[in-house]
Amino acid sequence: MPAETRIHDIQGFSGGESDDITRWPKDSFYSWENIEVRKDLSWIKLTPKMVDTWWSISGDIIFMKNLADFWYSGIVVATDTGNVYLNWTLKTTLATGTNAWNRIMAMWVNVISWTTYFYYCTQTSSWEWKVHRSTTNLTTWNVSYRSFTTANLSSPKVKWISTWFGVYFAINNCVVLLDNTETASIALQLPELEEAYGFTYFQNNFKIYTNFGNQWVQYYWDWLDTFPSYRQVWDNQNILEVVNNGAFDYAVLGFKSSESYNDLYIISGTQKEPVRVNLEANTNSRIFDWYMSIREDIVYISGGKSGESTNYWVYTYWNYYPWTPKSLVQSYSHSASYKVLFHVHDSAASYFATQDNKVYQISHNNPPANYSTSWYVISQIYSWNLWEEMKIDRIKVWFALEAWTSFKIWHRKEIWGTWKLVKEFDYATFSDRNWYTISYRDFAAQNIWNMYTWEIKIELFSNNWYTPIVKRVTTFYTTINE
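All of these numbers come straight from a predicted model, not from anything done at the bench.

Colleague: Please give an account of the overall build of the protein chain that cites residues and values.
Modeller: A tally of helices and strands in the protein chain yields two helices and 40 strands. Burial analysis of the protein chain (482 residues in total) assigns 55% to the buried set. Pairs at least 24 residues apart make up 55% of the contacts formed inside the protein chain by residues separated by at least 6 positions. Of the accessible surface of the protein chain, which amounts to about 21,000 Å², a share of 51% is contributed by carbon and sulfur atoms.

Shown next, in the form of C-alpha coordinates:
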(Lines give C-alpha, C1' and ligand atoms only; values in the text may rest on other atoms or scores of the structure.)
Protein backbone atom coordinates (compact mmCIF):
# COMPACT_ATOMS: atom_id res chain seq x y z
CA MET A 1 0.00 0.00 0.00
CA PRO A 2 1.21 3.56 -0.64
CA ALA A 3 2.61 5.56 2.24
CA GLU A 4 0.03 7.51 4.19
CA THR A 5 0.46 10.92 5.82
CA ARG A 6 -1.11 11.48 9.23
CA ILE A 7 -1.33 14.53 11.46
CA HIS A 8 -1.16 14.87 15.24
CA ASP A 9 -2.41 18.39 15.98
CA ILE A 10 -2.28 20.01 19.42
CA GLN A 11 -4.25 23.23 19.10
CA GLY A 12 -6.14 23.17 22.38
CA PHE A 13 -4.26 22.93 25.65
CA SER A 14 -7.33 22.92 27.88
CA GLY A 15 -8.01 19.89 30.04
CA GLY A 16 -6.56 18.39 33.15
CA GLU A 17 -3.77 16.26 34.52
CA SER A 18 -4.45 12.60 33.76
CA ASP A 19 -4.70 9.89 36.39
CA ASP A 20 -2.61 7.37 34.49
CA ILE A 21 -0.55 7.17 31.34
CA THR A 22 -3.23 5.02 29.69
CA ARG A 23 -6.23 6.96 30.99
CA TRP A 24 -7.06 10.63 30.50
CA PRO A 25 -10.06 12.87 29.95
CA LYS A 26 -10.60 14.58 26.61
CA ASP A 27 -8.05 17.29 25.75
CA SER A 28 -5.92 16.53 28.79
CA PHE A 29 -2.20 15.92 29.01
CA TYR A 30 -0.45 13.11 30.78
CA SER A 31 1.08 15.55 33.24
CA TRP A 32 2.14 19.15 33.64
CA GLU A 33 3.64 21.34 36.29
CA ASN A 34 3.53 25.13 36.62
CA ILE A 35 1.76 25.48 33.26
CA GLU A 36 -1.26 27.80 32.86
CA VAL A 37 -3.88 26.54 30.40
CA ARG A 38 -7.05 28.37 31.42
CA LYS A 39 -6.53 32.13 31.30
CA ASP A 40 -5.45 32.32 27.64
CA LEU A 41 -7.53 29.65 25.99
CA SER A 42 -5.66 27.17 23.78
CA TRP A 43 -2.25 28.57 24.77
CA ILE A 44 0.24 27.34 27.31
CA LYS A 45 2.44 29.59 29.37
CA LEU A 46 4.00 29.55 32.82
CA THR A 47 1.95 30.17 35.95
CA PRO A 48 2.60 32.96 38.47
CA LYS A 49 5.43 32.24 40.84
CA MET A 50 5.07 31.43 44.53
CA VAL A 51 7.17 34.13 46.24
CA ASP A 52 8.24 34.28 49.88
CA THR A 53 6.74 37.31 51.68
CA TRP A 54 9.61 37.20 54.19
CA TRP A 55 7.20 37.82 57.01
CA SER A 56 8.82 36.97 60.34
CA ILE A 57 6.50 34.62 62.26
CA SER A 58 7.46 33.15 65.65
CA GLY A 59 5.81 29.81 66.45
CA ASP A 60 3.91 27.26 64.39
CA ILE A 61 1.20 28.83 62.24
CA ILE A 62 -2.20 27.37 63.20
CA PHE A 63 -4.57 29.93 61.68
CA MET A 64 -4.54 32.42 58.81
CA LYS A 65 -7.32 34.68 57.49
CA ASN A 66 -7.55 37.55 55.03
CA LEU A 67 -9.52 40.47 56.45
CA ALA A 68 -10.54 41.42 52.91
CA ASP A 69 -13.25 38.78 53.36
CA PHE A 70 -14.81 41.16 55.91
CA TRP A 71 -14.15 44.49 54.16
CA TYR A 72 -10.98 45.17 56.11
CA SER A 73 -7.36 44.79 55.03
CA GLY A 74 -4.46 42.66 56.17
CA ILE A 75 -3.58 39.02 56.77
CA VAL A 76 -4.16 37.71 60.30
CA VAL A 77 -1.81 34.94 61.40
CA ALA A 78 -1.99 33.11 64.74
CA THR A 79 0.59 30.69 66.15
CA ASP A 80 0.65 27.90 68.71
CA THR A 81 2.58 30.15 71.09
CA GLY A 82 -0.34 32.58 71.36
CA ASN A 83 1.13 35.18 69.00
CA VAL A 84 -1.35 37.07 66.81
CA TYR A 85 0.03 38.99 63.82
CA LEU A 86 -1.53 41.44 61.39
CA ASN A 87 0.66 40.94 58.33
CA TRP A 88 4.16 40.78 59.81
CA THR A 89 3.39 42.94 62.87
CA LEU A 90 2.93 41.22 66.25
CA LYS A 91 -0.24 42.54 67.88
CA THR A 92 -0.56 40.47 71.04
CA THR A 93 0.55 37.30 72.80
CA LEU A 94 -2.08 35.37 74.72
CA ALA A 95 -1.70 32.81 77.49
CA THR A 96 -3.48 30.00 75.75
CA GLY A 97 -3.89 26.94 77.96
CA THR A 98 -2.83 23.34 77.54
CA ASN A 99 -3.86 22.35 74.01
CA ALA A 100 -1.97 24.79 71.85
CA TRP A 101 -3.16 23.54 68.47
CA ASN A 102 -6.81 24.39 68.82
CA ARG A 103 -7.09 28.09 68.14
CA ILE A 104 -9.54 29.79 65.84
CA MET A 105 -10.32 33.40 65.05
CA ALA A 106 -13.73 34.49 63.79
CA MET A 107 -15.10 37.88 62.81
CA TRP A 108 -18.61 39.15 63.25
CA VAL A 109 -20.62 42.37 63.22
CA ASN A 110 -22.74 42.44 66.35
CA VAL A 111 -26.29 43.31 65.28
CA ILE A 112 -27.12 44.83 68.67
CA SER A 113 -24.21 47.24 69.08
CA TRP A 114 -23.34 47.37 65.34
CA THR A 115 -19.74 46.96 66.30
CA THR A 116 -17.29 44.63 64.58
CA TYR A 117 -15.13 42.38 66.72
CA PHE A 118 -12.71 39.52 66.34
CA TYR A 119 -13.37 36.46 68.48
CA TYR A 120 -10.35 34.33 69.25
CA CYS A 121 -10.96 30.92 70.85
CA THR A 122 -8.44 28.80 72.73
CA GLN A 123 -8.81 25.37 74.24
CA THR A 124 -7.67 25.38 77.86
CA SER A 125 -8.40 21.71 78.50
CA SER A 126 -9.89 18.74 76.66
CA TRP A 127 -13.37 20.18 77.05
CA GLU A 128 -13.09 23.83 78.12
CA TRP A 129 -12.77 26.78 75.72
CA LYS A 130 -12.13 30.48 76.25
CA VAL A 131 -13.35 33.25 73.93
CA HIS A 132 -11.14 36.35 73.69
CA ARG A 133 -12.47 39.48 71.95
CA SER A 134 -10.52 42.21 70.18
CA THR A 135 -11.14 45.31 68.11
CA THR A 136 -10.56 45.07 64.37
CA ASN A 137 -7.07 46.57 64.58
CA LEU A 138 -6.13 43.75 67.00
CA THR A 139 -4.73 46.22 69.54
CA THR A 140 -7.42 46.17 72.27
CA TRP A 141 -8.25 42.77 73.78
CA ASN A 142 -10.78 41.49 76.29
CA VAL A 143 -9.13 38.26 77.39
CA SER A 144 -11.28 35.31 78.57
CA TYR A 145 -14.35 37.32 77.60
CA ARG A 146 -16.59 34.24 77.42
CA SER A 147 -16.23 30.47 77.93
CA PHE A 148 -17.98 27.25 76.98
CA THR A 149 -17.47 23.48 77.21
CA THR A 150 -17.73 20.69 74.66
CA ALA A 151 -17.41 16.91 74.66
CA ASN A 152 -14.18 15.55 76.09
CA LEU A 153 -12.05 14.85 73.01
CA SER A 154 -8.39 15.81 72.90
CA SER A 155 -7.74 16.82 69.29
CA PRO A 156 -10.77 18.22 67.47
CA LYS A 157 -10.74 20.05 64.17
CA VAL A 158 -12.44 23.42 64.61
CA LYS A 159 -14.62 24.96 61.90
CA TRP A 160 -16.53 28.22 62.13
CA ILE A 161 -19.17 30.14 60.17
CA SER A 162 -20.09 33.79 60.72
CA THR A 163 -23.78 34.60 60.13
CA TRP A 164 -25.96 37.63 60.74
CA PHE A 165 -27.27 36.15 63.99
CA GLY A 166 -23.98 34.93 65.46
CA VAL A 167 -20.85 32.84 65.02
CA TYR A 168 -21.15 29.04 64.90
CA PHE A 169 -18.24 26.79 65.88
CA ALA A 170 -18.23 23.09 64.96
CA ILE A 171 -16.02 21.38 67.55
CA ASN A 172 -15.88 17.62 68.04
CA ASN A 173 -19.53 16.51 67.98
CA CYS A 174 -20.94 19.90 69.01
CA VAL A 175 -22.01 23.09 67.26
CA VAL A 176 -21.53 26.06 69.56
CA LEU A 177 -23.30 29.40 68.97
CA LEU A 178 -21.89 32.72 70.10
CA ASP A 179 -25.07 34.75 69.66
CA ASN A 180 -25.78 38.48 69.33
CA THR A 181 -25.75 38.86 73.11
CA GLU A 182 -22.29 37.25 73.03
CA THR A 183 -23.55 34.28 75.00
CA ALA A 184 -21.90 30.96 74.07
CA SER A 185 -24.02 27.81 74.19
CA ILE A 186 -24.29 24.43 72.48
CA ALA A 187 -26.83 24.74 69.66
CA LEU A 188 -26.53 21.17 68.34
CA GLN A 189 -25.02 17.99 69.75
CA LEU A 190 -24.30 14.95 67.55
CA PRO A 191 -23.42 11.37 68.59
CA GLU A 192 -20.50 11.38 70.99
CA LEU A 193 -17.88 9.50 68.91
CA GLU A 194 -18.33 11.58 65.76
CA GLU A 195 -15.89 14.39 64.93
CA ALA A 196 -16.73 17.31 62.66
CA TYR A 197 -14.32 17.66 59.72
CA GLY A 198 -16.48 19.85 57.49
CA PHE A 199 -18.95 22.67 58.15
CA THR A 200 -20.73 24.62 55.37
CA TYR A 201 -23.63 27.04 55.09
CA PHE A 202 -25.98 28.00 52.25
CA GLN A 203 -29.43 29.64 52.30
CA ASN A 204 -29.97 29.30 56.06
CA ASN A 205 -29.04 25.62 56.05
CA PHE A 206 -25.93 24.11 57.56
CA LYS A 207 -24.23 20.93 56.42
CA ILE A 208 -22.05 19.20 58.97
CA TYR A 209 -19.64 16.45 57.91
CA THR A 210 -18.32 14.06 60.54
CA ASN A 211 -16.04 11.02 60.62
CA PHE A 212 -17.03 7.91 62.55
CA GLY A 213 -14.64 4.97 62.20
CA ASN A 214 -14.49 4.10 58.49
CA GLN A 215 -17.71 5.99 57.79
CA TRP A 216 -18.41 9.62 57.10
CA VAL A 217 -21.72 11.25 57.89
CA GLN A 218 -23.46 14.28 56.38
CA TYR A 219 -26.08 16.20 58.36
CA TYR A 220 -28.56 18.84 57.24
CA TRP A 221 -29.52 21.35 59.93
CA ASP A 222 -31.67 24.51 59.70
CA TRP A 223 -30.21 26.09 62.93
CA LEU A 224 -33.67 26.42 64.52
CA ASP A 225 -34.23 22.79 65.51
CA THR A 226 -32.43 20.89 68.21
CA PHE A 227 -31.92 17.92 65.86
CA PRO A 228 -30.67 17.66 62.25
CA SER A 229 -33.33 17.26 59.58
CA TYR A 230 -31.37 14.68 57.59
CA ARG A 231 -28.54 12.18 58.15
CA GLN A 232 -26.64 10.53 55.27
CA VAL A 233 -23.96 7.86 55.83
CA TRP A 234 -21.25 6.70 53.42
CA ASP A 235 -18.93 3.77 54.14
CA ASN A 236 -15.19 3.25 53.66
CA GLN A 237 -14.17 6.85 53.04
CA ASN A 238 -13.31 9.55 55.55
CA ILE A 239 -13.67 13.29 55.19
CA LEU A 240 -10.33 15.10 54.96
CA GLU A 241 -11.67 18.56 54.16
CA VAL A 242 -14.77 20.30 52.77
CA VAL A 243 -15.25 23.78 51.27
CA ASN A 244 -18.42 25.47 50.08
CA ASN A 245 -19.08 27.24 46.79
CA GLY A 246 -22.72 28.36 46.87
CA ALA A 247 -25.08 25.46 46.30
CA PHE A 248 -22.20 22.97 46.04
CA ASP A 249 -19.63 21.58 48.43
CA TYR A 250 -16.26 20.18 47.39
CA ALA A 251 -14.78 17.43 49.53
CA VAL A 252 -11.54 15.47 49.64
CA LEU A 253 -12.29 11.92 50.74
CA GLY A 254 -9.70 9.31 51.61
CA PHE A 255 -8.82 6.24 53.59
CA LYS A 256 -7.16 6.60 56.96
CA SER A 257 -4.94 3.60 56.26
CA SER A 258 -3.50 5.16 53.09
CA GLU A 259 -3.04 8.90 52.78
CA SER A 260 -1.88 8.42 49.19
CA TYR A 261 -5.37 7.34 48.13
CA ASN A 262 -7.79 10.25 48.26
CA ASP A 263 -10.17 11.79 45.79
CA LEU A 264 -12.00 15.04 44.98
CA TYR A 265 -15.81 15.00 44.99
CA ILE A 266 -18.51 17.56 44.32
CA ILE A 267 -21.57 17.33 46.60
CA SER A 268 -25.01 18.63 45.68
CA GLY A 269 -27.57 18.20 48.41
CA THR A 270 -27.07 14.66 49.67
CA GLN A 271 -25.56 13.32 46.44
CA LYS A 272 -21.83 13.13 45.71
CA GLU A 273 -20.09 12.76 42.37
CA PRO A 274 -16.38 12.16 41.77
CA VAL A 275 -14.56 15.03 40.08
CA ARG A 276 -11.18 13.34 39.84
CA VAL A 277 -10.45 9.94 41.36
CA ASN A 278 -7.07 8.22 41.56
CA LEU A 279 -8.45 4.87 40.48
CA GLU A 280 -5.05 3.38 39.74
CA ALA A 281 -3.41 4.59 42.97
CA ASN A 282 -0.06 4.13 41.22
CA THR A 283 3.27 5.85 41.83
CA ASN A 284 2.17 8.85 39.78
CA SER A 285 -1.10 9.46 41.61
CA ARG A 286 -1.76 12.94 42.92
CA ILE A 287 -2.10 13.34 46.67
CA PHE A 288 -4.67 15.77 48.07
CA ASP A 289 -4.07 17.13 51.53
CA TRP A 290 -6.27 18.44 54.37
CA TYR A 291 -6.20 22.07 53.26
CA MET A 292 -8.65 23.61 50.74
CA SER A 293 -10.02 27.05 49.83
CA ILE A 294 -12.16 28.85 47.22
CA ARG A 295 -11.30 31.91 45.15
CA GLU A 296 -13.65 33.12 42.39
CA ASP A 297 -15.10 29.62 41.92
CA ILE A 298 -11.63 28.07 41.68
CA VAL A 299 -11.00 25.34 44.27
CA TYR A 300 -7.47 25.34 45.71
CA ILE A 301 -6.21 22.06 47.22
CA SER A 302 -2.85 21.48 48.90
CA GLY A 303 -1.10 18.36 47.71
CA GLY A 304 1.77 16.65 46.01
CA LYS A 305 2.49 13.49 44.09
CA SER A 306 2.84 9.91 45.30
CA GLY A 307 6.46 8.96 45.89
CA GLU A 308 7.71 12.56 46.14
CA SER A 309 8.54 13.99 49.54
CA THR A 310 10.36 17.20 48.56
CA ASN A 311 8.02 18.88 46.09
CA TYR A 312 4.70 20.19 47.33
CA TRP A 313 2.22 22.33 45.45
CA VAL A 314 -1.37 23.51 45.19
CA TYR A 315 -3.89 21.93 42.80
CA THR A 316 -6.68 24.05 41.33
CA TYR A 317 -10.01 22.91 39.92
CA TRP A 318 -12.68 24.61 37.76
CA ASN A 319 -12.40 27.06 34.86
CA TYR A 320 -11.94 30.79 34.40
CA TYR A 321 -14.44 31.25 31.57
CA PRO A 322 -18.02 29.97 31.07
CA TRP A 323 -18.53 27.01 28.75
CA THR A 324 -14.90 25.91 28.83
CA PRO A 325 -13.66 22.55 30.21
CA LYS A 326 -13.32 22.31 33.96
CA SER A 327 -9.74 21.35 34.74
CA LEU A 328 -7.88 19.96 37.72
CA VAL A 329 -4.31 21.12 37.25
CA GLN A 330 -1.16 21.20 39.31
CA SER A 331 0.27 24.64 39.81
CA TYR A 332 2.17 26.86 42.21
CA SER A 333 4.98 24.41 42.90
CA HIS A 334 7.73 25.07 45.40
CA SER A 335 10.65 22.69 45.85
CA ALA A 336 10.73 22.28 49.60
CA SER A 337 10.08 19.53 52.12
CA TYR A 338 7.18 21.43 53.64
CA LYS A 339 3.48 21.10 52.93
CA VAL A 340 1.22 24.02 52.07
CA LEU A 341 -1.14 24.32 55.05
CA PHE A 342 -3.30 27.46 54.91
CA HIS A 343 -4.73 29.47 52.02
CA VAL A 344 -6.16 33.00 51.95
CA HIS A 345 -7.14 35.04 48.90
CA ASP A 346 -8.03 38.51 47.72
CA SER A 347 -8.49 40.04 44.27
CA ALA A 348 -4.81 40.81 43.71
CA ALA A 349 -3.01 37.97 45.45
CA SER A 350 -3.23 34.66 47.27
CA TYR A 351 -1.25 33.77 50.38
CA PHE A 352 -0.14 30.30 51.46
CA ALA A 353 1.41 29.29 54.79
CA THR A 354 3.73 26.29 54.73
CA GLN A 355 4.75 23.76 57.33
CA ASP A 356 8.01 25.61 58.02
CA ASN A 357 6.00 28.71 59.04
CA LYS A 358 6.69 30.79 55.96
CA VAL A 359 4.01 32.73 54.10
CA TYR A 360 4.18 32.75 50.29
CA GLN A 361 2.37 35.10 47.93
CA ILE A 362 1.09 34.56 44.39
CA SER A 363 0.17 37.55 42.24
CA HIS A 364 -3.13 37.54 40.32
CA ASN A 365 -2.33 40.71 38.40
CA ASN A 366 -2.22 40.50 34.61
CA PRO A 367 0.65 40.04 34.06
CA PRO A 368 1.55 38.79 37.54
CA ALA A 369 4.47 40.21 39.44
CA ASN A 370 6.57 37.08 38.87
CA TYR A 371 6.32 33.97 36.71
CA SER A 372 7.68 30.53 37.50
CA THR A 373 11.14 30.25 36.01
CA SER A 374 10.55 26.92 34.24
CA TRP A 375 8.38 23.83 33.95
CA TYR A 376 6.79 21.54 31.42
CA VAL A 377 3.77 19.87 29.85
CA ILE A 378 3.80 16.29 28.51
CA SER A 379 1.33 15.29 25.82
CA GLN A 380 -0.80 12.20 25.67
CA ILE A 381 0.87 9.20 24.05
CA TYR A 382 0.17 9.20 20.34
CA SER A 383 -0.28 5.57 19.30
CA TRP A 384 -1.49 4.04 16.08
CA ASN A 385 -2.09 0.42 15.01
CA LEU A 386 0.56 -1.72 16.64
CA TRP A 387 1.72 -3.19 13.33
CA GLU A 388 2.26 0.23 11.76
CA GLU A 389 5.67 1.86 11.67
CA MET A 390 5.98 5.59 11.04
CA LYS A 391 8.54 8.34 10.71
CA ILE A 392 8.15 12.01 11.52
CA ASP A 393 8.37 14.26 8.47
CA ARG A 394 8.18 17.63 10.26
CA ILE A 395 6.66 19.53 13.16
CA LYS A 396 5.18 23.01 12.81
CA VAL A 397 5.25 25.12 15.98
CA TRP A 398 3.40 28.41 16.58
CA PHE A 399 4.74 30.47 19.48
CA ALA A 400 5.49 33.90 20.94
CA LEU A 401 8.70 34.77 22.79
CA GLU A 402 9.37 37.65 25.17
CA ALA A 403 12.79 38.99 26.15
CA TRP A 404 15.04 36.41 27.85
CA THR A 405 12.50 33.59 27.51
CA SER A 406 12.81 30.27 25.68
CA PHE A 407 11.25 26.85 25.30
CA LYS A 408 12.39 23.37 24.31
CA ILE A 409 10.64 20.52 22.54
CA TRP A 410 11.59 17.01 23.60
CA HIS A 411 10.58 13.65 22.15
CA ARG A 412 10.50 10.00 23.16
CA LYS A 413 9.16 7.02 21.25
CA GLU A 414 8.68 4.53 24.08
CA ILE A 415 6.74 4.78 27.33
CA TRP A 416 9.23 5.70 30.07
CA GLY A 417 11.89 6.00 27.37
CA THR A 418 14.69 8.57 27.32
CA TRP A 419 13.72 12.09 26.35
CA LYS A 420 15.72 13.53 23.45
CA LEU A 421 15.97 17.24 22.72
CA VAL A 422 14.60 18.07 19.28
CA LYS A 423 14.77 21.88 19.20
CA GLU A 424 15.36 24.84 21.48
CA PHE A 425 13.68 28.18 20.75
CA ASP A 426 15.38 31.12 22.43
CA TYR A 427 14.53 34.81 22.25
CA ALA A 428 17.90 35.85 20.79
CA THR A 429 17.43 33.59 17.75
CA PHE A 430 13.66 33.49 17.29
CA SER A 431 12.41 36.83 18.62
CA ASP A 432 11.23 37.90 15.15
CA ARG A 433 9.41 34.62 14.41
CA ASN A 434 5.96 33.36 15.39
CA TRP A 435 6.20 29.95 13.74
CA TYR A 436 8.90 27.46 12.76
CA THR A 437 9.12 24.09 11.00
CA ILE A 438 11.24 21.43 12.68
CA SER A 439 12.46 19.25 9.81
CA TYR A 440 13.19 15.53 9.61
CA ARG A 441 16.91 16.41 9.70
CA ASP A 442 16.51 17.66 13.29
CA PHE A 443 15.16 14.25 14.32
CA ALA A 444 17.81 12.36 12.36
CA ALA A 445 20.51 14.39 14.13
CA GLN A 446 19.26 12.88 17.43
CA ASN A 447 19.10 9.36 15.97
CA ILE A 448 15.31 9.46 16.11
CA TRP A 449 14.13 7.13 13.40
CA ASN A 450 11.02 5.04 12.81
CA MET A 451 8.61 4.40 15.67
CA TYR A 452 5.32 2.82 16.76
CA THR A 453 4.33 5.32 19.49
CA TRP A 454 5.55 8.74 20.45
CA GLU A 455 5.16 11.50 23.03
CA ILE A 456 6.33 15.11 23.23
CA LYS A 457 7.30 17.36 26.12
CA ILE A 458 7.27 21.16 25.91
CA GLU A 459 9.52 22.78 28.49
CA LEU A 460 9.16 26.52 29.15
CA PHE A 461 11.70 28.93 30.65
CA SER A 462 11.15 32.51 31.84
CA ASN A 463 13.16 35.28 33.49
CA ASN A 464 10.50 35.78 36.21
CA TRP A 465 8.95 38.79 34.44
CA TYR A 466 7.92 37.27 31.11
CA THR A 467 6.80 33.87 29.89
CA PRO A 468 7.04 32.18 26.50
CA ILE A 469 3.75 31.12 24.89
CA VAL A 470 3.21 28.02 22.76
CA LYS A 471 0.01 28.20 20.72
CA ARG A 472 -0.01 25.12 18.49
CA VAL A 473 2.13 22.06 17.73
CA THR A 474 1.33 20.01 14.60
CA THR A 475 3.23 16.82 13.74
CA PHE A 476 3.19 15.25 10.27
CA TYR A 477 3.97 11.50 9.94
CA THR A 478 4.47 9.11 7.04
CA THR A 479 3.53 5.43 7.25
CA ILE A 480 6.51 3.16 6.56
CA ASN A 481 4.70 -0.18 6.61
CA GLU A 482 1.29 -1.51 7.62
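So, next bit.
Colleague: Residues and numbers for the sheet that holds strand β21 (residues 230–235), please.
Modeller: One open sheet accounts for four strands, arranged β18-β19-β20-β21; its pairing is antiparallel. The sheet is open, and its two borders are formed by β18 (195–202) and β21, each paired with just one other strand. Averaged over all pairs of adjacent strands, the angle between their axes in this sheet comes to 15 degrees, without regard to strand direction. Strand direction decides the pairing type here: strand β20 (residues 215–221) and β21, joined by six bridges, are antiparallel. Across the sheet, residue Gln218 finds its bridge partner in β21, namely Gln232.

Colleague: Provide a residue-level description of unusual backbone geometry, including the pertinent values.
Modeller: Negative phi values dominate among residues other than glycine, just as trans dominates among peptide bonds. Residue Asn366 is joined to Pro367 through a cis peptide bond whose omega torsion reads 5 degrees. By the element assignment, Pro367 lies in the loop between β32 (359–363) and β33 (374–378). Despite not being glycine, Asn357 has its phi angle at roughly 65 degrees, a positive value. Among the secondary structure elements, Asn357 is positioned in the loop between β31 (349–354) and β32. With relative accessibility at 17%, the residue Asn357 sits in the buried group.

Colleague: Give me the pattern of salt bridges: which residues, what numbers.
Modeller: In this structure the tally under the stated criterion is ten salt bridges. As a salt-bridge pair, Glu241 and Lys159 come within 2.6 Å of each other at their nearest N and O atoms. A residue pair is termed long-range when its members are at least 10 positions apart, and Glu241 in strand β22 (residues 238–245) and Lys159 in strand β14 (residues 158–163) qualify at 82 residues. In this pair, the class of Glu241 matches that of Lys159, namely buried.

Colleague: Residues and numbers for the side chain of Ser350, please.
Modeller: Residue placement: Ser350 occurs in strand β31. Reaching out from Ser350, the side chain makes a polar contact with the side chain of His345 at a distance of 2.6 Å. What Ser350 contacts, discounting residues up to four positions off in sequence, is Arg295, Tyr300, Val344, His345, Tyr360, Gln361, Ile362 and His364.

Colleague: Got a sec to walk through the environment of Asp179? Specific residues and values, please.
Modeller: Turning to its location among the elements, Asp179 is positioned in strand β16 (residues 174–179). With residues up to four places along the chain from it excluded, the contact list for Asp179 reads Trp108, Phe165 and Gly166. Side chain to side chain, Asp179 and Thr181 meet in a polar contact 2.6 Å long. Among the polar contacts listed, one links the side chain of Asp179 to the backbone nitrogen of Thr183, at a separation of 3.0 Å.

Colleague: For empty space enclosed by the protein, give the residues involved together with the corresponding values.
Modeller: One pass over the full model with this rule turns up two cavities of 30 Å³ or more. Size it by volume and the second largest cavity reaches roughly 30 Å³. For the lining of the second largest cavity, the element with the highest residue contribution is strand β39 (residues 453–461), accounting for three residues. Classifying every residue of the lining of the second largest cavity gives three nonpolar, one polar and four charged.

Colleague: Run through the confidence of the model for the protein chain, naming residues and quoting values.
Modeller: Confidence in the prediction of the protein chain, expressed as mean pLDDT, is 83, and 86% of residues score 70 or more. Put simply, strand β10 (residues 99–110) is where the protein chain has its lowest mean pLDDT, 62, and helix α1 (residues 427–430) is where it has its highest, 95.

Colleague: Run through the nonpolar core, naming residues and quoting values.
Modeller: One finds Val397, Phe407, Phe425, Ile438, Trp454 and Ile458 to be the most contacted residues of the largest nonpolar core, which totals 35 residues. Sorting the residues of this core by element identifies β35 (389–400), β36 (406–412), β37 (420–426), β38 (435–439), β39 and β40 (469–481) as the ones contributing at least two each. Residue contributions to this core peak at five residues, all from β35. With sequence-adjacent residues up to four places away left out, Trp454 is seen in contact with His8, Gln380, Ile381, Tyr382, Trp384, Ile392, Ile395, His411, Arg412, Lys413, Thr475 and Tyr477. Phe63, Val76, Leu138 and Phe169 belong to the second-largest nonpolar core, a separate cluster that totals 28 residues.

Colleague: So what's going on with the pairing of strand β19 (residues 205–212)? Which residues, and what values?
Modeller: Judged by how many residues are buried, β19 sits mostly within the fold: six of eight residues are covered. As paired strands, β18 and β19 are joined by seven bridges and run antiparallel to one another. Bridged to Gly198 within β19 is Tyr209. Between β18 and β19, which pair antiparallel and follow one another directly, the connecting turn spans two residues, one of which, Gln203, has a positive phi of 50 degrees.

Colleague: Account for the sheet that holds strand β6 (residues 61–66), with residues named and values stated.
Modeller: Read across the open sheet, the four strands follow the order β6-β7-β8-β9; overall the sheet is antiparallel. A single partner strand is all that each edge strand has here, and the edge strands are β6 and β9 (89–93). Along the sheet, successive strands turn relative to each other by an average axial angle of 20 degrees, direction set aside. Sheet topology places strand β7 (residues 75–79) next to strand β8 (residues 83–86); three bridges connect them, and they run antiparallel. Along β8, the bridge assignment pairs Ala78 with Val84.

Colleague: Explain the pairing of strand β15 (residues 166–171) to me, using residue names and the numbers behind them.
Modeller: Counting buried positions over the six residues of β15 gives six, a clear majority of the element. Covered by surrounding structure in β15 are Gly166, Tyr168 and Ala170 together with Val167, Phe169 and Ile171, the residues of both alternating faces. Pairing geometry for β14 and β15, over six bridges, is antiparallel. The residue bridging Ser162 from the neighbouring strand is Val167, located in β15. Counted between consecutive antiparallel strands, the loop separating β14 from β15 contains two residues. Relative to β16, β15 is paired through six bridges, and the arrangement is antiparallel. Counted as the bridge partner of Ala170 is Val175 from β16. The turn linking β15 back onto β16 is made up of two residues, and Asn172 within it adopts a positive phi angle of 55 degrees.

The rules behind the values
Residues numbered from 1 in each chain as written. Predicted model: local features only at pLDDT ≥ 70, side-chain atom pairs only at ≥ 80, totals over all residues. Heavy atoms only, no water. Helix = DSSP H or I, 4+ residues; strand = E, 2+ residues; numbered from the N terminus. Buried < 20%, exposed > 50% of the residue type's maximum accessible area, 1.4 Å probe, protein only. Contact = heavy atoms within 4.5 Å. Areas by Shrake-Rupley, 256 points an atom, 1.4 Å probe, with all protein chains shown as cover. Pairing = 2+ DSSP bridges. Axes fitted to C-alpha atoms, helices over the stretch in contact; angles between N-to-C directions. Salt bridge = Lys/Arg side-chain N within 4 Å of Asp/Glu carboxyl O. Polar contact = N/O pair within 3.5 Å; in protein donor to acceptor, adjacent residues only side chain to side chain. 1 Å grid on protein atoms, 1.4 Å probe; cavity = no way out; pocket = protein on both sides within 12 Å on 5 of 7 lines; lining within 4 Å. Points joined across faces, edges and corners; volume = space filled by probe spheres on them. Nonpolar A, V, L, I, M, F, W, Y, C, P; charged D, E, K, R; others polar. pLDDT = per-residue confidence, 0-100. Core = buried A, V, L, I, M, F, W, Y, C linked by side-chain atoms within 4.5 Å.

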